[in-house]
Amino acid sequence: MSARVEPGAVVIVGATSAIARAVALRLARAGTPLRLGGRDDAEVAAVAADIRVRHGVPVGTFRWEAREPATLDNLVQALEGDIAGVLVAVGSLPDQRLAEQEPERLRAAFEANLTGPALACEVAAAALEAQGRGWLCGLGSVAGDRGRQSNYLYGAAKGGFEVYMQGLRHRLAPRGISVTLVKPGFVDTAMTHGRPGLFLVATPEAAARGILRAIARRSAVAYVP
């Protein structure tokens, strides 16, 4: 399957995660221009430079931070021009015990996994509506399917993001814009490294294939792997 599903650039928010990098590389291999955003300017620039060297496609960068709404202006600028689609690959797994005890950690978990991604999706949705086509994909988590004692705070935020994406899907469907929620299981990333009880762990590359397949199929929800 071709990684490129529509003409135009793909904007990736949270582009420095292992999964997002793998998606970006597959898109670049297919000749797709990219615009990459993240909170660490140097790391985003390094990812962009690597992709340019490997595949020779245009790659722009911008700063975006889930807990800094002011950086949404940078995303607005990145969404100018012809856009094929937007991937919001944002999330952070908090320490459940510490978040139970420290209100600031709890608030940060919801900002990173629900509020911030939803704000990014709203900005992306407005841009896609204005041009009348495209796709929007957000990364949720299987943790959002059910509250578990070990990670119910993270799960609650991801569960809320799923409900948000359901509503956004209904809003954009009449415009011909697809909205896909991908729920990764265990993927070999910095977020999961060293955690006990992991099984059926997928590579970021396998996750990227599943994400792009779900986008191409205009799936509402997809579990990867």
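Residues numbered from 1 in each chain as written. Predicted model: local features only at pLDDT ≥ 70, side-chain atom pairs only at ≥ 80, totals over all residues. Heavy atoms only, no water.

**Student:** Explain the pattern of salt bridges to me, and be specific about the residues and the numbers.
**Tutor:** For the coordinates displayed, the defined rule picks out 14 salt bridges. The partner of E43 in a salt bridge is R21, with the nearest N and O atoms 2.7 Å apart. Taken together, the residues span a long stretch of sequence, with E43 in helix α2 (residues 41–55) and R21 in helix α1 (residues 18–29) at a distance of 22 residues. Its relative accessible area of 31% is what places E43 among the partly exposed residues. Between R105 and E102 there is a salt bridge; the shortest N-O distance is 2.8 Å. The class of R105 is partly exposed, set by a relative accessible area of 38%. We classify E102 as partly exposed; its relative accessible area is 32%. Through salt bridges with shared partners, a single network forms among R67, E104, R107 and E111. (Salt bridge = Lys/Arg side-chain N within 4 Å of Asp/Glu carboxyl O. Helix = DSSP H or I, 4+ residues; strand = E, 2+ residues; numbered from the N terminus. Buried < 20%, exposed > 50% of the residue type's maximum accessible area, 1.4 Å probe, protein only.)

**Student:** An account of the pairing of strand β6 (residues 178–184) is needed here, citing residue identities and associated values.
**Tutor:** Counting buried positions along β6 gives 7 out of 7 residues, so the element sits mostly inside the fold. Of the two faces of β6, the one carrying S178, T180, V182 and P184 and the one carrying V179, L181 and K183 are both buried. As defined by bridge partners, strand β5 (residues 135–139) adjoins β6 across 5 bridges and the pair is classed as parallel. Bridging from a neighbouring strand, L139 pairs with V182 of β6. (Pairing = 2+ DSSP bridges.)

**Student:** Outline helix α7 (residues 204–216), supporting the account with residue identities and numerical values.
**Tutor:** With 13 residues, α7 should cover 18 Å at 1.5 Å per step; its first-to-last C-alpha distance of 18 Å lies within 8% of that length. Among the residues making up α7, those that are buried are P204, A207, A208, G210, I211, L212, A214 and I215. On its buried side, α7 packs onto α1, β5, β6 and β7 (221–224). Positioned one or two residues after α7, R218 has a phi angle of 60 degrees, which is positive. (Expected span 1.5 Å × (residues − 1). Contact = heavy atoms within 4.5 Å.)

**Student:** Give a description of the packing of α1 against α7 that names residues and reports values.
**Tutor:** Relative to each other, α1 and α7 sit at 65 degrees, their axes nearing to 8 Å. Here α1 and α7 pass one another in a crossing that is right-handed. Here A18, I19, A22, V23, R26 and L27 of α1 come into contact with α7, specifically with P204, E205, A207, A208, R209, I211 and L212. (Axes fitted to C-alpha atoms, helices over the stretch in contact; angles between N-to-C directions. Left-handed = near helix turned anticlockwise from the far one by under 90°.)

**Student:** Can you lay out the nonpolar core for me, pointing to particular residues and giving the numbers?
**Tutor:** Generally speaking, a soluble globular protein has its nonpolar side chains buried in company with each other. By size, the foremost hydrophobic cluster in this structure holds 34 residues, and its most contacted members are I12, V23, L34, L36, I51, L87 and I211. Among the elements of the structure, β1 (9–13), α1, β2 (34–38), α2, β4 (83–88), β5, α7 and β7 are those that each provide at least two residues to this core. The dominant element in this core, judged by the number of residues it contributes, is α1, at 8 residues. Those residues within four positions of V23 in sequence are excluded, and the remaining contacts are I12, L87, A208, I211 and L212. (Core = buried A, V, L, I, M, F, W, Y, C linked by side-chain atoms within 4.5 Å.)

**Student:** Residues and numbers for the sheet that holds strand β3 (residues 59–63), please.
**Tutor:** Read from one edge of the open sheet, 7 strands run β3-β2-β1-β4-β5-β6-β7, paired in parallel fashion. The sheet is open, and its two edges are formed by β3 and β7, each paired on a single side. In this sheet, adjacent strand axes meet at a mean angle of 20 degrees when their direction is disregarded. Contacts from helix α5 (residues 103–131) reach β1, β4 and β5, with the element oriented near 170 degrees to β4. Sitting on the sheet, α7 is in contact with β5, β6 and β7, with an inclination near 165 degrees to β7.

**Student:** Tell me about the packing of α5 against helix α6 (residues 152–172), and name the residues and values.
**Tutor:** Where α5 meets α6, the axes come as close as 9 Å, and the angle between the chain directions of the two elements is 15 degrees. On the basis of their axis angle, the class for α5 and α6 is roughly parallel. The hand of the α5/α6 crossing is right-handed. Every residue of α6 that contacts α5 at L106, A109, F110, N113, L114, P117, A118, C121, E122, A125, A126 and E129 is listed here: L153, Y154, A156, A157, K158, G160, F161, Y164, M165, L168, R171 and L172. (Parallel < 35°, antiparallel > 145°, perpendicular 65-115°, else oblique.)

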